[in-house]
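Now for the letters of each chain:
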Amino acid sequence: MILPVIMAGGTGSRLWPMSRELYPKQFLRLHGDNSMLQETVTRLKGLDVSEPLVICNEEHRFLVAEQLRQINQLSDNIILEPVGRNTAPAITLAALSAIDNGSDPLLLVLAADHVIESPDAFHRAVQNAIPFAGQGKLVTFGIVPTGPETGYGYIQRGTEFSSDAEPAFGVQRFVEKPNLATALQYLESGEYYWNSGMFLFRAKRFLEEMAKFRPDILEACQKAIETSHADEQQDFIRVDKASFISCPDESVDYAVMEKTTDAVVVPLDAGWNDVGSWSALWEVNDKNAEGNAVNGDVFTHNAKNCYINTDEKLVAAIGVDNLVIVNTKDAVLVIDKNQVQDVKKVVEYLKSNKRREYRLHRESYRPWGRNDNVVTAPRYQVNRITVKPGGQFSLQMHHHRAEHWVILSGTARVILEDKNYLLTENESTFIPIGAQHMLENPGKIPLELLEIQSGSYLEDDDIIRIKDHYGRC
């Protein structure tokens, strides 16, 4: 049996404004019908695998849980990293967790934010890698290059292994991202693959190599996992924060793969793309006769080779060429497709000016549902709130704001001090400053309501939680 280990801890900003710190690209629906995390999981169908083990940041935990629940893959299988420490510690935590019950599965390590156009070719490469991993080799999947890419690291293959299946090779060396001239040499030689960051190996075998090359990382992860615990009523495995914070920040390539003598590279030619920029997303999406890849309510006239994505509003593009146009509820990006790497300058500007747009969308996801911040003003704001069936706010109070709830659809159960009552469509209630209160959706359909907040201070840190169903402080 193979245990898929899916690393979903990134907070990248290269796809801003759709990707934000609290809603990065692995949770977005960018290519296909599902989010990239969900696509990564569903891509495993057809392989003999168990339910995946997902590693993510503490701040993304409810988002990961909800997306796994939507595809029926949620079962106490989320490891929470209290802080990001790169891929070597993340995989070490997964390996230690995998052997906790005495087993020693093959770990199929995948990133949650990659596109693979041909699942069948991916499956064949995994099947090709299984015998080598079973023999104690550490297999990495090398992407057959389609051009002289300077944005990826490369793997130089060594001796070919005799096999009745597809070819596999010893690893000669890993190399850093090359300049264009060097990348052209790599491509012409036929000996190099792009480094995908995907692996297959036995859990215990990987830990043996960690003990040999990076015992400090292994020791920190062992201490962190020994005192881990499963959240009551939740699907998370929490590791000890103090122990994990002491863990060095290191990639698995530097920690193990570049040092081990048992590395094997299996070629993968499956339409792989790490979707690291808007131009890469244009490349992998379907395009019309004018070369435009569009999503949402879009009108074009004499527009060519553009990527246009809009959440809600109509976008009309006329007489433009080679542009990326992305429209979300709170931001619009217009950029030349040849300059998409400069999106980071926008994010740097937003961070330095303490603007919320680098971190949050206008609509944010909560364990009980979602919140759309429709209007924000100095002393009031209006939120459109959706509470899923069975979802509930924490029992809470506020020192600086009052709230007025208006039910749009569904049924709400409200606790206000010593009162407990139901509200339905077109009914409302008022929550005074300092009053203990809670809201729950006891029904079978989503509860929709408008929340009008008013007061001298409206930030989330004025939420004083007294009791919380989701374990939040």
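Please refer to the structure placed before this passage.
Residues numbered from 1 in each chain as written. Predicted model: local features only at pLDDT ≥ 70, side-chain atom pairs only at ≥ 80, totals over all residues. Heavy atoms only, no water.

## Some points on the overall build of the protein
So, point 1. Counting secondary structure elements, the protein contains 11 helices and 30 strands.
So, point 2. For the protein, whose C-alpha radius of gyration is 24 Å, the value lies close to the compact-globule estimate of 23 Å for 473 residues.
So, point 3. Along the first, second and third principal axes, the C-alpha set of the protein runs to 75 × 60 × 40 Å.
So, point 4. Here the protein, with 473 residues, has 52% of them falling under the buried criterion.
So, point 5. Residue pairs at least 24 apart in sequence account for 68% of intrachain contacts in the protein once pairs closer than 6 positions are excluded.
So, point 6. Roughly 21700 Å² of accessible area belongs to the protein as shown, and the carbon and sulfur atoms make up 47% of that amount.
So, point 7. In the protein, the 48 positive side-chain charges and the 65 negative ones have mean positions that sit 3 Å from each other. (Helix = DSSP H or I, 4+ residues; strand = E, 2+ residues; numbered from the N terminus. Rg over C-alpha atoms; globule rule 2.2 N^0.38 Å. Buried < 20%, exposed > 50% of the residue type's maximum accessible area, 1.4 Å probe, protein only. Contact = heavy atoms within 4.5 Å. Areas by Shrake-Rupley, 256 points an atom, 1.4 Å probe, with all protein chains shown as cover. Lys, Arg positive; Asp, Glu negative; His and termini not counted. Charge placed at Lys NZ, Arg CZ, Asp CG, Glu CD.)

## Focus: the pairing of strand β17 (residues 315–318)
So, point 1. What you see with β17 is a clean split: Val315 and Ala317 sit on the buried side and Ala316 and Ile318 on the side with no burial.
So, point 2. Where strand β15 (residues 298–301) meets β17, four bridges bridge the pair, whose relative direction is parallel. By the bridge assignment, Val298 is partnered in β17 with Val315. (Pairing = 2+ DSSP bridges.)

## A short note on the packing of aromatic side chains
So, point 1. Under the criterion given, the structure shown has 16 aromatic pairs.
So, point 2. Grouped by ring-pair contacts, the aromatic residues Tyr23, Phe27 and Tyr365 constitute a single cluster.
So, point 3. The residue whose ring lies beneath Lys287 is Trp282, and the NZ or CZ to ring-centre distance is 4.6 Å. (Phe/Tyr/Trp six-rings, centres within 6.5 Å; stacked < 30°, edge-to-face > 60°. Lys NZ or Arg CZ within 6 Å of the ring centre and 35° of its normal.)

## Some words on the side chain of Glu250
So, point 1. Considering the arrangement of structural elements, one finds Glu250 in the loop between α8 (241–245) and α9 (252–257).
So, point 2. A distance of 2.7 Å separates the side chain of Glu250 from the side chain of Arg214, its partner in a polar contact.
So, point 3. Excluding its chain neighbours within four sequence positions, the residues that come into contact with Glu250 are Arg85, Asn86, Thr87, Ala88, Pro89, Arg214, Ile217 and Ala255. (Polar contact = N/O pair within 3.5 Å; in protein donor to acceptor, adjacent residues only side chain to side chain.)

## Some thoughts on the pairing of strand β29 (residues 447–455)
So, point 1. Pairing analysis gives eight bridges linking strand β22 (residues 380–387) to β29, with the strands arranged antiparallel. The partner of Asn383 across the bridge, within β29, is Glu451.
So, point 2. Across eight bridges, the pairing between strand β24 (residues 401–409) and β29 is antiparallel. Within β29, the residue paired with Glu403 across the bridge is Gln453.

## Points about the sheet that holds β24
So, point 1. Read across the sheet, six strands follow the order β20-β21-β22-β29-β24-β27 without closing on themselves; strand pairing throughout is antiparallel. Both edges of this open sheet fall to β20 (363–366) and β27 (428–431), since each of them pairs with a single strand only. Between one strand axis and the next, the sheet turns by 20° as a mean value, whatever way the strands run.
So, point 2. With four bridges connecting them, β24 and β27 associate as antiparallel partners. (Axes fitted to C-alpha atoms, helices over the stretch in contact; angles between N-to-C directions.)

## Quick look at helix α7 (residues 215–226)
So, point 1. With 12 residues, α7 should reach 16 Å at 1.5 Å per residue; the first-to-last C-alpha distance of 16 Å fits that figure.
So, point 2. Next to the buried residues of α7 lie α3 (87–98), α6 (203–213) and α8. (Expected span 1.5 Å × (residues − 1).)

## Some details on a nonpolar patch on the surface
So, point 1. Residues Phe299, Leu314 and Ile318 make up a contiguous nonpolar surface patch of roughly 320 Å² in combined accessible area.
So, point 2. Along the polypeptide, Ile318 turns up in strand β17.
So, point 3. Owing to a relative accessible area of 53%, Ile318 belongs among the exposed residues under this scheme. (Patch = residues over 30% accessible without salt bridge, like charges linked within 9 Å, V, L, I, M, F, W, Y side chains within 5 Å. Salt bridge = Lys/Arg side-chain N within 4 Å of Asp/Glu carboxyl O.)

## Remarks on the sheet that holds strand β14 (residues 293–295)
So, point 1. One open sheet accounts for four strands, arranged β14-β16-β18-β19; its pairing is mixed. The outermost strands of the open sheet, each flanked by one partner alone, are β14 and β19 (332–336). If you compare each strand with its neighbour and ignore which way they point, the axes differ by 5° on average.
So, point 2. As paired strands, strand β16 (residues 307–310) and strand β18 (residues 323–327) are joined by four bridges and run parallel to one another. From the neighbouring strand, Tyr307 faces β18, where its bridge partner is Val324.

## Observations regarding the pattern of salt bridges
So, point 1. Following the criterion strictly, the structure yields 26 salt bridges and no others.
So, point 2. The salt bridge involving Glu250 is made with Arg214; its shortest N-O contact spans 2.7 Å. With a gap of 36 residues between them, Glu250 in the loop between α8 and α9 and Arg214 in the loop between α6 and α7 connect regions that are remote in the sequence. Of the two residues, Glu250 and Arg214, both sit in the buried class.
So, point 3. For Arg355, the salt bridge identified is with Glu357, shortest N-O distance 2.8 Å.
So, point 4. Each of Lys137, Arg205, Glu208, Glu209, Lys212 and Asp262 takes part in salt bridges that share partners, so that together they form one network.

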